[in-house]
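Below, each chain spelled out in residue letters.
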Amino acid sequence: MQPLHRGVVGAVEYGRPGGLGAVAVRLQRPQVQLALVAERGIEAAATACSGVGLAVGPILAGALLEHFSWHAVYIANIVIAGTALLLAPVFVTESGHPTRKPDLAGLVLGTVMTASATYAIIQGGATGYTKAPIVTMYVVFAVSLFLFVRVELRHPDPMLDLRLFRSASFSAVMGVAAVSVFGLVGVALLSVLYMERVGQTSPVGVGVRLLPLFGTFLLVTVVSARVLVHRVGLTPLITAGLVLIGAGSLALLATDASGGYGAMWPGLLIAGIGAGLLTAPSTAAAVNSVPPRQEGMAAAAVNMARQLGTVLGPSVLGTIVTSRFPRNLHDRLVEADIPSPKADRIVEGVSHGAGATALPASLARVVGTAVPRAFTDAVHLGNVTGGVVLIVMAVPAALFVRQKVHGPRTSTEA
């Protein structure tokens, strides 16, 4: 990745919509249902905080990148995490169950599984998926996945109770959680890549231009959590949210090689509306899908699925762009009557950051025209991939997600 989109997309880490799992675990009492949390405004506040982070993060990252390298964004994350680590024991009440013990084997295997798959997806796109290191990583992924399932099924107190996936509703919600964040972060990444490489937008400008996506997410999330969950229901909101994020991704196909913003913001706005609609309902739907004593684990599992989507969105869609762009550029150069061997050398240079200034004037003009077009086409392929995945996921969401929003429980029901 180039410095700009490394930093700006890295700023998404400031405020991913993952904090709701912690809210659900913290509010696990017989008298409190997650759906009622939305009614009382607590979940709305939590999702609003996530939205603020998503909206402000890219702008702050852009400001840092104006003066420092992209590493500064991740150093800022360390500072934020360190501050939270110091303040949490003071202000956050302990919510852990006294009889539960850490599932260290599940934690290690889950980490190895995710890391190996992510490395294989990203690096395989650059070097080829048949290379020995990539094949090795896929073997590591398969083995760690097998061991993870085996350990979790046999563990008396697993990190993730895989038996929860026997519920069609719960399984569908996990897919929704992963795919929705896959789409949201993917749209952000592809937009940053486009604005950087085609629009030549400054880091701060990129952050500001993402506001229709993340700012809208913030506003709609609050309305969805406080009002729409009870008036519309879980399943319609989740389904509509997936369709809208997918439609927003497909709407970005209106962008062209000019790098203009006018064709981009409507797609960002639509995707932001969709993400805001489904974030709170998906957590409530997960809790509704499991027995009362497993509500905390269900909410935490939603958070885990969102984290997985955060990893896979940039990995898969970013790899599509970076692997497709050289081929697109080569084809356009050959179409412009540049011999294939010479086109290969130009593509290699451009892929490693070389500009067209060192080329003869006539050739530089051809390359200068071909590069933004080839890159826009590669971004469009990522947009189509993300959009289709999101819209397809809306089908099982509509069919299997449990619609009912629970009311308060009495002590006897608990």
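Quick notes on the rules
Residues numbered from 1 in each chain as written. Predicted model: local features only at pLDDT ≥ 70, side-chain atom pairs only at ≥ 80, totals over all residues. Heavy atoms only, no water. Helix = DSSP H or I, 4+ residues; strand = E, 2+ residues; numbered from the N terminus. Contact = heavy atoms within 4.5 Å. Areas by Shrake-Rupley, 256 points an atom, 1.4 Å probe, with all protein chains shown as cover. Salt bridge = Lys/Arg side-chain N within 4 Å of Asp/Glu carboxyl O. Buried < 20%, exposed > 50% of the residue type's maximum accessible area, 1.4 Å probe, protein only. Patch = residues over 30% accessible without salt bridge, like charges linked within 9 Å, V, L, I, M, F, W, Y side chains within 5 Å. Core = buried A, V, L, I, M, F, W, Y, C linked by side-chain atoms within 4.5 Å. Axes fitted to C-alpha atoms, helices over the stretch in contact; angles between N-to-C directions. Parallel < 35°, antiparallel > 145°, perpendicular 65-115°, else oblique. Left-handed = near helix turned anticlockwise from the far one by under 90°. Nonpolar A, V, L, I, M, F, W, Y, C, P; charged D, E, K, R; others polar. Polar contact = N/O pair within 3.5 Å; in protein donor to acceptor, adjacent residues only side chain to side chain. Phe/Tyr/Trp six-rings, centres within 6.5 Å; stacked < 30°, edge-to-face > 60°. Lys NZ or Arg CZ within 6 Å of the ring centre and 35° of its normal. Expected span 1.5 Å × (residues − 1). pLDDT = per-residue confidence, 0-100.

## Re the overall build of the protein
So, point 1. Along its length, the protein carries 15 helices and 0 strands.
So, point 2. A sequence separation of at least 24 residues applies to 82% of the contacts in the protein between residues at least 6 apart.
So, point 3. Counting only carbon and sulfur atoms, one obtains 67% of the accessible surface of the protein, whose full area is about 18900 Å².

## Some words on the pattern of salt bridges
So, point 1. Tallying each qualifying case throughout the model produces 2 salt bridges.
So, point 2. Notably, a salt bridge pairs Asp-161 with Arg-163, separated by 3.5 Å at the nearest N-O pair.
So, point 3. By relative accessible area, Asp-161 is classed as buried at 12%.
So, point 4. Note that Arg-332 and Asp-377 form a salt bridge whose closest N and O atoms lie 2.9 Å from each other. Of this pair, Arg-332 sits in helix α13 (residues 295–335) while Asp-377 sits in helix α15 (residues 361–400), placing them 45 residues apart in sequence.
So, point 5. On the accessibility criterion, Arg-332 (27% relative accessible area) is partly exposed.

## Concerning unusual backbone geometry
So, point 1. Phi at Gln-200 takes a positive value of approximately 55 degrees, unusual for a residue other than glycine.
So, point 2. Within the secondary structure, Gln-200 sits in the loop between α8 (168–197) and α9 (203–209).

## Examining a nonpolar patch on the surface
So, point 1. Side chains of Leu-250, Leu-253, Val-384, Val-388, Ile-391 and Val-392 sit close together on the surface and give an oily, nonpolar patch of about 410 Å² of accessible area.
So, point 2. Examining the composition of the nonpolar patch, we find that 4 residues originate from one element, α15, more than from any other.

## Details of the nonpolar core
So, point 1. Residues Leu-242, Leu-329 and Leu-333 are the most contacted members of the largest nonpolar core, which totals 79 residues.
So, point 2. Broken down by element, the residue count for this core peaks at 18 residues, all from α8.
So, point 3. Once residues lying within four places of it in the same chain are set aside, the contact partners of Leu-242 are Val-176, Val-179, Ser-180, Leu-278, Leu-390, Met-393, Ala-394 and Ala-397.

## Topic: the packing of α8 against helix α11 (residues 234–251)
So, point 1. Viewed as axis vectors pointing N to C, α8 and α11 meet at an angle of 25 degrees, and their least axial separation amounts to 10 Å. When the interaxial angle is binned, α8 and α11 end up roughly parallel. Between α8 and α11 lies a crossing whose hand is left-handed. For the pair α8 and α11, contact is made by Val-176, Val-179, Ser-180, Gly-183, Leu-184 and Val-187 and by Ile-238, Leu-242, Ile-245 and Ser-249, respectively.
So, point 2. Among the residues making up the contact of α8 with α11, the classes are represented as 7 nonpolar, 3 polar and no charged.

## Details of the packing of α8 against α13
So, point 1. The N-to-C vectors of α8 and α13 enclose an angle of 35 degrees; their axes lie 6 Å apart at closest approach. α13 is crossed by α8, and the crossing has right-handed handedness.
So, point 2. Residues belonging to the contact of α8 with α13 are distributed by class as follows: 21 nonpolar, 5 polar and 2 charged.

## Structural notes on the environment of Ser-340
So, point 1. In this structure, Ser-340 sits in helix α14 (residues 340–351).
So, point 2. By relative accessible area, which is 33% here, Ser-340 ends up partly exposed.
So, point 3. Not counting the four nearest positions on each side in its chain, Ser-340 is found in contact with His-330 and Val-334.
So, point 4. A polar side-chain atom of Ser-340 sits 3.1 Å from a polar atom in the side chain of His-330.

## Observations concerning the packing of aromatic side chains
So, point 1. Under the definition given, this model contains 2 aromatic pairs.
So, point 2. Where Phe-165 meets Phe-170, the ring centres are 5.1 Å apart and the plane angle is 75 degrees; that geometry is what we call edge-to-face.
So, point 3. In this structure Phe-165 comes out as partly exposed when scored by relative accessible area, which is 32%.
So, point 4. Phe-170 sits in the buried class, given a relative accessible area of 0%.
So, point 5. Seen in terms of ring centroids, Phe-325 and Phe-375 are 5.3 Å apart; in terms of plane orientation they differ by 70 degrees. Their pairing is edge-to-face. In this pair, Phe-325 sits in helix α13 while Phe-375 sits in helix α15, placing the two residues 50 residues apart along the sequence.
So, point 6. Across the ring face of Phe-325, the terminal group of Arg-197 is positioned such that the distance to the ring centre comes to 5.6 Å.
So, point 7. The positively charged end of Arg-209 is found above the aromatic ring belonging to Tyr-261, 5.6 Å away from the centroid.

## Quick look at the environment of Asp-331
So, point 1. Locating Asp-331 in the fold gives a position in helix α13.
So, point 2. Residue classification places Asp-331 among the partly exposed positions, given a relative accessible area of 40%.
So, point 3. Sequence separation between Asp-331 and Asp-344 is 13 residues; the distance between their C-alpha atoms is 9.9 Å.

## Let's talk about helix α7 (residues 132–154)
So, point 1. Between its first and last C-alpha, α7 extends 33 Å over 23 residues, near the 33 Å set by a 1.5 Å rise per residue.
So, point 2. What α7 keeps buried is the set Ile-134, Ser-144, Phe-148 and Glu-152.
So, point 3. Contact partners of the buried residues in α7: α6 (104–127).

## Re the confidence of the model for the protein
Atom-level detail of predicted coordinates should not be read off regions where pLDDT is low.
So, point 1. The predicted model of the protein averages 82 in pLDDT, with 82% of residues at 70 or higher.
So, point 2. By mean pLDDT, helix α2 (residues 20–26) is the weakest element of the protein at 36, and α11 is the strongest at 95.
So, point 3. Taken as a whole, residues 7–11 scores under 50 in pLDDT and shows 21 contacts with residues more than four places along the chain or in a different chain.
So, point 4. Below a pLDDT of 50 lies the segment residues 13–40, which in the model reaches 82 contacts outside its immediate sequence neighbourhood of four places, other chains included.

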